[in-house]
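What the coordinates show
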Amino acid sequence: MNKIGMIDEWYPVGLFSQLDPNGRDTWLMGEPIRVAIDGEGNPLVTGGNGRVLAVCVRYGHVWASLGKPDHDLFPIPEADQPGRRLVEVGVVRVRCSPLRAVENFLDIAHFPFVHTDILGSEPHTEVQNYKVEIREEEDEVWATQVKFYQPQAAKSASGGITTEYMYRVPAPTCSVLYKTCPPRPSEWDVITLFVQPLFEDVCDVWPWMALYDDDTPMTDLIHFQQTIFLQDRSILENQIPTLLPLDPGMEIPTRADLTSVAYRRWLKRHNYTYGAQLVAQ
Amino acid sequence: MQSDTAGSWVPVALSSDLPALAVMPARIASETVALWRSASGRATASADRCPHRGMRLSHGFVRGEALSCIYHGWSYAQGGQCLKIPAHPGLTPPETIRVVTYAVAEQDGVVWAAAGAPAGEPPRLNGFAPLRSVTVDAAIGFIEAAAGVGMNADGFLSPADAPSGLCLLLSDQGAGQTLVHVLIGQDAGPSARIAASRAVEALRRRAEALSTEGAGA
């Protein structure tokens, strides 16, 4: 599919803290781009023909658009709460559709098999019913009341607990996860997945976190998240077809997959099809 | 060349390379399959794609008499039907959820599989026994050229200059690769087995060199 429907969206293209005056060459939806910092400390992203792309800086990352975004980047109000540790996890390149990377992030049923003894373990495999909706006003996919038993839900967790989650898809290649926060039961930890679509079948995944955790060393927080994503990568690079099928028939969803069903429906409705496969193809 | 292997037996692996509870990818003509052996010892070839989320089943795991997908643990019987969806332990999976399975036969230490309904039994090894398998980065034609002799209709080839008692069983893997099963006389001793292995290694290098030259020409 083409990128027309997604061209006016914002995409992460690098960490603001790691900008380099010489620039770093990368791609955005098949177009070569250069991500640099100008003399005044502002990010400068140029496209293949040297044109300057729209940029903004938020959640530790530089965001760029190939088109003319008519909206600000989605809000994450919790990101501005005092007392949170902001964790720049870095980047993991995955040879998969950017949409498949997001869909995997929305999935909990794989925890016992892919993140064994960390995010899940047999025989605690059951996915209880949860709620999924497309919130029309915000135009976002939301899954709430998601519960799962986890042997080690976070670096700060000791022993198994039933963790509660909320998932949000505010942009076609981004997801925000709200998760039970072991040290502060009244708050949610925020874990995001920002995906840079390099091509329809290659993406750079930039996870980012805003946590209440004053004790765990930063290195351990980063390693924990990288371990999880490398486990996911072994799945994402071995799915057939590589592109995410948006029409029914190719794959078989169950009740546990309702978030994925809503995400696919929302993508199709908006013509967010870069990285997707349609029956007509 | 094996241009159309639909309905004919393909030597997908040596029995000794597929122990109980193991799963591996294999090719039958243009299809990739998940080849696995159950706890009781039965070999099965299933389509290499879980119908749930498209994950390769050859990355999965075997428990008892079933193959499970590594992604969400959906498990499949030797007949192909889905037995269990761990996210919904109380649910009996509908009959419609299944993976295609292929005919498998095992004899003389070789696992054979076929797409479609093969006529008759796979060929016998007639006094030969499997030694090892080698994947060669060259199409069958280059192996024939390197060996100085053609492959017969059953896929067997006896290299002209190799030690006597050496026979190769070839299987086209597509994309310019060939799976070579090395066979040797049943009574061959250790030194003959080592010599055969070295001869095949030399043949592999010659075939790959021819393939590289061919690609560069």
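Predicted model only: the values in this text are computed from it and were never measured.

With that settled, the discussion passes to the domain arrangement of chain A. All names here are of chain A. By the assigned domains, chain A splits into domain 1 (1–73) and domain 2 (86–281). Counting residues at the interface gives 22 residues for domain 1, matched by 25 residues for domain 2. Across the domain 1 to domain 2 interface the summed buried area is about 2,100 Å²; carbon plus sulfur atoms make up 66%. The interface formed by domain 1 and domain 2 contains 0 salt bridges. The tally of links from domain 1 across to domain 2 stands at 9 residue pairs in polar contact (both at pLDDT 80 or more). Listing elements by their share of the side of domain 1 that touches domain 2, those giving two or more residues are strand 1 (11–15), strand 2 (24–28) and strand 6 (61–65).

Looking now at the pattern of salt bridges. Oppositely charged side chains can pair when the atoms bearing their charge come close. Scanning all chains against the criterion turns up 22 salt bridges over all chains. Between Arg 269 of chain A and Glu 136 of chain A there is a salt bridge; the shortest N-O distance is 3.4 Å. Here Glu 136 of chain A lies in the loop between strand 9 (131–135) and strand 10 (140–150) and Arg 269 of chain A lies in helix 4 (residues 258–269), a separation of 133 residues in the sequence. A salt bridge links Glu 251 of chain A to Arg 49 of chain B; the nearest nitrogen and oxygen atoms lie 3.9 Å apart. Of this pair, Glu 251 of chain A sits in the loop between strand 15 (244–245) and helix 4 while Arg 49 of chain B sits in the loop between strand 4 (43–47) and strand 5 (61–63), placing the two residues on different chains. Through salt bridges that share partners, Arg 100, Glu 103, Glu 251, Asp 257 and Arg 264 of chain A together with Arg 49 and Arg 53 of chain B make up one connected network.

As annotated by UniProt and renumbered to match this structure, "domain: Rieske" (unreviewed entry) occupies residues 9–113 of chain B. Annotated as residues 9–113 of chain B, this span is 0% helix and 43% strand, and its ends, taken at the C-alpha atoms, are 5 Å apart.

Ranked by internal contacts, the top residues of the largest apolar core, which has 64 residues, are Tyr 167 and Tyr 263 of chain A. Top contributing element to this core by residue count: helix 3 (residues 218–236) of chain A, with 6 residues. Mapped onto the domain boundaries, this core takes at least three residues apiece from domain 1 (1–73) and domain 2 (86–281) of chain A. Core analysis: the next-biggest nonpolar cluster, separate from the first, contains 20 residues, Ile 143, Met 151, Ala 162 and Val 200 of chain B among them.

This brings us to the domain arrangement of chain B. Residue and element names in this part refer to chain B. Its domain assignment divides chain B into domain 1 (10–114) and domain 2 (128–216). Computed over C-alpha atoms, the centres of domain 1 and domain 2 are 28 Å apart. The partner domain 2 presents 11 residues to the 11 residues of domain 1 that form the contact. Between domain 1 and domain 2 the total buried area reaches about 810 Å² when both faces are included, carbon and sulfur atoms providing 62% of it. Of all residues in domain 1, Pro 11, Leu 14 and Arg 27 bury the most surface against domain 2, accounting for 58% of the area lost on that side. At the junction of domain 1 and domain 2, the tally comes to 0 salt bridges. Linking domain 1 with domain 2 are 2 residue pairs in polar contact (both at pLDDT 80 or more), by the criterion used here. Contributing elements (two or more residues each) for the side of domain 1 that touches domain 2: strand 1 (10–14) and strand 10 (110–114).

Cut-off values and rules
Residues numbered from 1 in each chain as written. Chains lettered and ligands numbered in written order. Predicted model: local features only at pLDDT ≥ 70, side-chain atom pairs only at ≥ 80, totals over all residues. Heavy atoms only, no water. Domains from an automatic or database assignment. Contact = heavy atoms within 4.5 Å. Buried area = accessible area lost by both parts, 1.4 Å probe. Salt bridge = Lys/Arg side-chain N within 4 Å of Asp/Glu carboxyl O. Polar contact = N/O pair within 3.5 Å; in protein donor to acceptor, adjacent residues only side chain to side chain. Helix = DSSP H or I, 4+ residues; strand = E, 2+ residues; numbered from the N terminus. UniProt positions renumbered as here; feature names shortened; annotations may be inferred. Core = buried A, V, L, I, M, F, W, Y, C linked by side-chain atoms within 4.5 Å. Buried < 20%, exposed > 50% of the residue type's maximum accessible area, 1.4 Å probe, protein only.

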